[in-house]
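Next come the chains, spelled out residue by residue.
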Amino acid sequence: MQACSSVRPQDDGAVDLNSAESQPEVSPTEGPTSLFLQSSLHENSNLEDTLDSAQHVSVHEAFAGRTVLLTGVTGFVGSLVLEQLLRTCPDVHKVFVIARQKHGISGPDRVQRMLHSHPLFYLVRAQMLSVNSVPLLQARLTALKGALSADNTRLQSTLPQVEVLAGDMTLPGYGIGEREMRRLKQETEIVIHAAASISFDDHIHDAITHNYMATKHLADMAAEMPKLRAFVHVSTAYVNGNQPKGSTVAEHMLPRGAGAGDHVALVNQLQALPKAEAASQAGKYMQQWRFPNTYCFSKHLAELLMASYHGTTFPLAIVRPSIIGGLAGTPLPGYVGNTAGSTGAALAIATGIAAWTCHQPSSVFDVVPGDLVSSTILAAAAAATTQGHKARRPPLIVHACTSSQNFMTTGQFFQHIQAYFTLHPPPFRVILGGYPKYQGGNIVHTKQMLAARSALAEAKFVAICTVLRISGRERLAKKLYAGWKAWQKYNSPALDFDLCFCTHNSQRLQQLLPDQEQQLFRLCWGGEDWQRYMTTYMAGIRHSVLKQPTLADPDRHDFAPWPDKFSADGRGLNTLDVKPAHA
């Protein structure tokens with residue numbers, strides 16, 4: 001097993017934040033204070049502590065015949081989990097998904113459209129149409145037809161294992177009807193919570209509502225599920241983003257010293273304040289405890305919340321992805337589900353918006369392929385089902401990260417993007433000539449320089465967008481200015497984390513999977529080729545975001561263009577007219 005010290009050599013692979021220099025001074029008058037001494041070293045959650053040493057872990061066995069509740073399926077991570085679960089575990093009995101109305105389209109309709117026509121699910125649709133699956137398909141359709149409610153809240157979807165419930169995670173009980181809720185609680189055996197707001201700058205009230213209270217609503221529901229075997233909470237590696245630059249972060253739970261009531265008191269305090277006062281108070285907390293934004297802060301609070309349920313209520317696993325990139329392999333190498341995170345940064349670099357940065361080129365840039373994240377979530381769920389209610393053992397925490405196995409720097413990330421788009425220019429760029437090198441004057445070191453460069457860039461983009469609007473290119477002007485504002489938020493010294501995340505648990509979990517499952521569920525990124533992955537990733541961005549013709553090139557990358565049109569057969573299930581992509 002690869003040591004976490006591959007990037008940051010240290011005695012124990014972790015950072016000691018118990019020293020006087022690392023612990024923030026907190027006044028008793030400022031509110032709950034014992035939460036945020038973020039070493040997480042007081043409890044060890046290695047697999048040796050949460051699983052019997054001789055025990056194997058099988059994703060297929062864990063999900064066979066089981067009923068799963070999955071949130072966040074219309075988001076990037078949730079959709080990847082749903083696709084991989086249906087494709088690799090066809091014996092799963094049922095998957096409840098909860099989706100809200102958006103843009104006038106009901107939650108069930110949104111999921112129906114995704115399952116029926118989205119390219120991501122083409123292998124699942126093809127699998128369900130295979131000759132061997134027809135009897136099983138017919139049986140499931142018959143069973144589902146008999147279970148459909150008269151009010152049509154649940155919708156018969158393209159895939160009969162999937163049952164869609166209209167709901168809103170901001171409401172207690174997710175706003176689900178009494179009859180549906182009763183059945184949901186009686187049948188669910190595994191919960192995977194992948195829903196969240198990933199906006200860095202949500203008002204603290206909104207961040208708490210979506211990332212803390214929504215998690216609490218679901219955990220309270222799960223506490224009343226008599227058959228529940230595991231609850232997987234999808235968090236973020238940057239709940240530890242407040243650790244000093246250069247730290248190595250272990251897969252550990254939060255300190256025992258943080259009382260279960262502390263996070264409750266803090267949340268209640270912030271929620272009770274008017275918006276302006278709540279934002280001000282949250283800003284003081286984040287500055288004091290070194291959280292860069294409300295996203296990391298609220299996800300940290302959610303982990304504290306979930307820790308209070310583990311052992312006494314249900315077995316808990318927490319998966320912490322780092323910066324999630326495009327898929328490396330099946331079903332669609334290069335696929336990106338949104339323009340957040342590293343995809344947004346890549347677009348800013350490709351179009352020349354990111355002509356300078358305050359991020360140091362030598363900093364660790366921990367980007368992880370999306371399919372490694374979904375594989376880790378499913379494997380962690382399987383491992384959690386073996387724990388049982390063992391209160392003396394800490395929750396299983398698994399990092400879905402790459403930095404401790406095969407790290408890439410920020411400078412290398414920029415260079416890979418520039419190299420690709422030099423050969424394959426984007427439809428527009430806001431710079432003349434070649435891409436800038438990230439050195440010298442293009443690296444901003446001081447707050448004064450950052451403010452001056454930002455003001456000049458703002459004036460530049462306002463001028464360019466004004467010219468575009470005058471020339472009738474309003475849509476391009478909006479995209480360009482939105483891209484600049486997104487980069488401006490990302491291009492912050494606080495987000496230059498330079499952290500290395502240990503992956504002892506993900507490596508151990510990979511070893512515990514059966515040989516055949518290790519091919520289906522890749523959890524580790526050891527000897528993989530960053531250049532090949534980044535070329536695949538950029539080809540996916542060029543194809544799906546920039547809408548440029550992009551060809552397959554097996555010698556250089558794994559991307560293959562996916563068609564936008566589908567052929568339907570008589571049963572209403574669609575399949576792509578292309579061969580399956582291979583991992």
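Up top is the structure these notes are about.
Residues numbered from 1 in each chain as written. Predicted model: local features only at pLDDT ≥ 70, side-chain atom pairs only at ≥ 80, totals over all residues. Heavy atoms only, no water.

What follows covers the nonpolar core. F63, L82, I192 and F297 are the most contacted members of the largest nonpolar core, which has 163 residues in total. Among the elements that line this core, the one with the most residues is helix 13 (residues 370-384), at 10 residues. For F63, the contacting residues outside a window of four places in its chain are V68, L85, C89, D91, V92, H93, I190, I192, L378 and A381. (Core = buried A, V, L, I, M, F, W, Y, C linked by side-chain atoms within 4.5 Å. Buried < 20%, exposed > 50% of the residue type's maximum accessible area, 1.4 Å probe, protein only. Helix = DSSP H or I, 4+ residues; strand = E, 2+ residues; numbered from the N terminus. Contact = heavy atoms within 4.5 Å.)

Glancing now at the packing of aromatic side chains. Tallying each qualifying case throughout the model produces 21 aromatic pairs. A centroid spacing of 5.3 Å and a plane angle of 85° characterise the contact between Y238 and F501, whose relative ring orientation is edge-to-face. Taken as a pair, Y238 in the loop between strand 6 (230-234) and strand 7 (248-249) and F501 in strand 12 (residues 500-501) lie far apart in primary sequence, 263 residues in all. An identical accessibility class is assigned to Y238 and F501; each is buried. Plain terms: the ring middles of Y533 and Y537 are 5.7 Å apart, the flat faces sit at 40° to each other, and that makes the pair tilted. Here Y533 pairs with Y537, and both are found in helix 19 (residues 530-544), just four residues apart, close to one helical turn. The exposure class of Y533 is buried, given its relative accessible area of 3%. For Y537, a relative accessible area of 0% corresponds to the buried category. One aromatic cluster is present, formed by F365, F413, F414, Y438, W487 and Y490 through successive ring pairs. The ring centre of Y435 lies 4.5 Å from the NZ or CZ of R429, which sits over that ring. (Phe/Tyr/Trp six-rings, centres within 6.5 Å; stacked < 30°, edge-to-face > 60°. Lys NZ or Arg CZ within 6 Å of the ring centre and 35° of its normal.)

A word on the pairing of strand 1 (residues 67-71). For strand 1, the buried fraction is high: five of the five residues fall into the buried class. Alternating positions in strand 1 separate into two faces, T67, L69 and T71 on one and V68 and L70 on the other, with burial throughout. Here strand 1 pairs with strand 2 (residues 94-99) via five bridges, running parallel. Looking at strand 2, one finds that V68 is bridged to V95. What joins strand 1 to strand 2 is helix 3 (residues 76-88), and the crossover it makes is right-handed. Note that strand 1 and strand 5 (residues 190-193) share four bridges and pair parallel. Bridging from a neighbouring strand, V68 pairs with I190 of strand 5. (Pairing = 2+ DSSP bridges. Right-handed = clockwise from strand over helix to strand, strands pointing away.)

Neither face of strand 5 is left uncovered, since the one carrying I190 and I192 and the one carrying V191 and H193 both have all their residues buried. The sheet contact formed by strand 5 and strand 6 spans four bridges and is parallel. Looking across to strand 6, one finds that I192 is bridged to V232. Each parallel crossover has a hand, and the one from strand 5 via helix 8 (residues 204-222) to strand 6 is right-handed.

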